[in-house]
Amino acid sequence: MKEGREALHKAALAYGTPVYVYEQQVIEAQCQKLQRHFPNVALRYAMKANSNPKILGIIRKQGIGVEAVSLGELALAKLVGFKTKDTSFTCASLTETELTTAAASGARIHLDSLTQLEVWGRKALGREVSLRLNQGIGAGHHAHVITGGPHSKFGITLDDIPEALQIADKYGITIVGIQQHIGSNVLDAGVFLRSVRVLLQTAKKFPNLIHIDFGGGLGIPYAPGETQLDLKRVAMEFKILTNAFKKSIGHEVSFAMEPGRFIVAESGSLLVSVVDQKNTSEHQFVGVNSGFNQLIRHAMYGSYHPIENLSRTRGHKASITVAGNVCESGDIFAVDRLMVRPELGDVLAIRNAGAYGFSMASNFNMHALPREILVSGAGRLKDISFVPSEYAC
Ligand code: LLP
């Protein structure tokens with residue numbers, strides 16, 4: 001939530017609402033922060049967080065690669081100019097055709113299951129392969145985004161590693177890489193580091209390993225009182241652990257991470273206008289001209305997003321429920337939030353909406369997708385609106 005109010009104001013005036021506004025400088029600063037903390041790690045941006053081509057271009061120019069999860073994402077990443085050597089691909093529940101096409105793209109594929117490994121071998125999709133593992137460690141801001149442990153559909157469990165090695169052996173495939181992703185918006189350095197430590201132990205079960213990918217998940221604080229991830233500690237201990245690992249195996253190995261949210265979340269705001277007000281015995285509702293079809297995080301995970309009134313900072317404070325214009329009662333952006341009472345016509349900035357905002361938007365209720373505006377370093381505004389359906393497949 002770093003954009004100046006002035007730039008947001010300008011964007012609302014020039015383009016109207018609802019509109020997503022992203023600040024280029026924030027994206028670049030976040031990329032550089034990760035590069036400073038993890039100098040020997042190949043960073044691959046998880047493009048599901050925000051796949052606007054202009055944003056992808058900004059991240060690519062910072063020297064960061066990309067992580068894709070569908071053929072549509074792979075195609076878009078290629079179009080934006082990411083090299084296949086800097087691209088990785090992970091996906092559960094792939095059809096054989098999807099897996100074959102992904103393999104042919106030349107990206108690093110992290111196979112998600114024994115079934116995918118069997119298909120890989122049977123169809124002779126490559127002599128080398130990487131596996132996504134579920135080591136039983138999961139974390140994240142909501143059950144829906146915890147991707148390790150017995151309730152997660154992702155990855156090959158540690159119990160299945162012997163069988164994976166057998167399948168690889170049967171087809172003469174070498175397992176050269178392993179990957180994990182424990183979940184999303186991890187703010188606890190300790191959990192992330194534990195998963196790193198355990199993955200490095202598991203790595204010893206694979207004698208030909210040359211790539212280890214620790215996934216994404218690095219979190220950012222959304223709600224007041226949430227503490228920042230201690231990136232310094234993660235970086236320091238990560239370095240010690242990976243250096244010791246390298247020494248112990250005696251051959252070269254490369255490390256990767258797949259941050260999504262960390263790079264883009266704080267760069268973006270969704271600007272909406274107040275169009276209605278009503279009270280019930282329980283809530284003071286303020287209705288806005290957007291809904292969960294444009295930012296689903298509160299409706300889906302109960303996620304907190306800071307809301308700032310760009311039109312007024314002073315006035316009577318009240319406990320306000322900010323509701324959207326979609327025909328469902330769960331279409332709420334904030335419940336009973338203490339704020340200066342918004343008036344009709346006010347523009348509200350829903351902050352920290354740069355990740356999993358527009359990328360999860362839909363046309364539900366036949367509303368158009370919001371426009372997307374980029375604020376460049378000089379405060380210049382540029383319409384970078386994107387129609388994802390033109391690329392989706
Ligand atoms: N790598 C893999 C394999 C992933 O599945 C994900 C995210 C990432 C990397 C990037 O995770 P990040 O660094 O962004 O936490 N829609 C949810 C988040 C879903 C994340 C799914 N996977 C939300 O709005 O919180």
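Residues numbered from 1 in each chain as written. Predicted model: local features only at pLDDT ≥ 70, side-chain atom pairs only at ≥ 80, totals over all residues. Heavy atoms only, no water.

(A) Focus on the pattern of salt bridges. Across all of its chains, the model carries 10 salt bridges by this definition. The partner of E308 in a salt bridge is R5, with the nearest N and O atoms 3.0 Å apart. Here R5 lies in helix α1 (residues 5–15) and E308 lies in strand β13 (residues 307–309), a separation of 303 residues in the sequence. Here R5 falls in the partly exposed class, since its relative accessible area comes to 28%. Between R351 and E308 there is a salt bridge, with its nearest N and O atoms 3.0 Å apart. Taken together, the positions of R351 in the loop between β16 (347–350) and β17 (371–375) and E308 in strand β13 put the pair 43 residues apart, joining distant regions of the chain. Side by side, R351 and E308 carry an identical accessibility label, which is buried. Here the salt bridges do not stand alone but share partners, grouping R5, E308 and R351 into one network. (Salt bridge = Lys/Arg side-chain N within 4 Å of Asp/Glu carboxyl O. Helix = DSSP H or I, 4+ residues; strand = E, 2+ residues; numbered from the N terminus. Buried < 20%, exposed > 50% of the residue type's maximum accessible area, 1.4 Å probe, protein only.)

(B) The site of the ligand, seen in detail. With respect to spatial proximity, 20 residues lie near the ligand, and among them H141, S184, E258, R297 and Y356 are the closest. Y301 is positioned with one of its side-chain polar atoms (N or O) 2.7 Å from a nitrogen atom of the ligand. Y356 has a polar side-chain atom sitting 2.6 Å from an oxygen atom of the ligand. Out of a free accessible area of 590 Å², the ligand has 92% covered by protein chains. Of the pockets mapped on this structure, the ligand occupies the largest pocket. Here the shell around the ligand gathers at least three residues from each of two domains, domain 1 (24–264) and domain 2 (266–386). (Near = heavy atom within 4 Å. Polar contact = N/O pair within 3.5 Å; in protein donor to acceptor, adjacent residues only side chain to side chain. Areas by Shrake-Rupley, 256 points an atom, 1.4 Å probe, with all protein chains shown as cover. 1 Å grid on protein atoms, 1.4 Å probe; cavity = no way out; pocket = protein on both sides within 12 Å on 5 of 7 lines; lining within 4 Å. Sits in = over half its atoms within 2 Å of the grid points. Domains from an automatic or database assignment.)

(C) Highlighting empty space enclosed by the protein. Evaluated as defined, the whole model comprises 1 cavity of 30 Å³ or more. The computed volume of the largest cavity comes to approximately 40 Å³. Lining of the largest cavity is provided by R132, L133, N134, Q135, I137, T147, G148, F154, G155, Q180, H181 and I182. (Points joined across faces, edges and corners; volume = space filled by probe spheres on them.)

(D) Up close: the layout of surface pockets. Taken as a whole, the largest pocket holds about 1,000 Å³ of empty space. Lining the largest pocket are 46 residues, with K48, V69, E73, Y356 and M360 positioned closest to its centre. Counting residues per element, the ones that place at least two in the lining of the largest pocket are α4 (71–80) and α11 (297–301). Of the residues belonging to the lining of the largest pocket, the class tally is 22 nonpolar, 16 polar and 8 charged. Mapped onto the domain boundaries, the lining of the largest pocket takes at least three residues apiece from domain 1 (24–264) and domain 2 (266–386). Its boundaries defined by the atoms lining it, the second largest pocket holds a volume of some 350 Å³. Lining the second largest pocket are 18 residues, with K54, I58, L374, K382 and I384 sitting closest to its centre. Broken down by secondary-structure element, the contributors of at least two residues to the lining of the second largest pocket are α2 (24–37), α3 (53–61) and β18 (381–383). Top element by residues in the lining of the second largest pocket is α3. It accounts for 5 residues. Its residues assigned to classes, the lining of the second largest pocket comprises 7 nonpolar, 5 polar and 6 charged. Residues lining the lining of the second largest pocket come from more than one domain, with at least three contributed by each of domain 1 (24–264) and domain 2 (266–386). (Nonpolar A, V, L, I, M, F, W, Y, C, P; charged D, E, K, R; others polar.)

(E) A look at the domain arrangement of the protein chain. By domain assignment, the protein chain separates into domain 1 (24–264) and domain 2 (266–386). On the domain 2 side, the residues contacting the 27 residues of domain 1 number 24 residues. Roughly 2,200 Å² of surface becomes buried between domain 1 and domain 2 when both sides are summed, with 58% attributable to carbon and sulfur atoms. For the interface between domain 1 and domain 2, the tally reads 0 salt bridges. The interface formed by domain 1 and domain 2 includes 12 residue pairs in polar contact (both at pLDDT 80 or more). Put simply, the parts of the chain that give the side of domain 1 that touches domain 2 at least two residues each are α2, α3 and α10 (261–264). (Contact = heavy atoms within 4.5 Å. Buried area = accessible area lost by both parts, 1.4 Å probe.)

(F) Focus on the pairing of strand β1 (residues 19–23). Burial of β1 is extensive: 5 of the 5 residues sit out of reach of the surface. Burial along β1 is two-sided: the residues V19, V21 and E23 and Y20 and Y22 are all buried. When β1 meets strand β11 (residues 268–279), the two strands line up antiparallel, connected through 4 bridges. Along β11, the bridge assignment pairs V19 with L271. (Pairing = 2+ DSSP bridges.)

(G) Structural context of the nonpolar core. The biggest cluster of nonpolar side chains holds 103 residues, and the ones touching the most others in it are F38, L131 and I212. If one sorts the elements of this core by residue count, helix α8 (residues 189–202) sits on top with 7 residues. The residues that make up this core include at least three from each of domain 1 (24–264) and domain 2 (266–386). In contact with F38, other than residues within four places in its own chain, are L218, L231, V234, A235, F238 and M257. With 13 residues, the next largest nonpolar core counts A7, V21, L310 and V375 among its residues. (Core = buried A, V, L, I, M, F, W, Y, C linked by side-chain atoms within 4.5 Å.)

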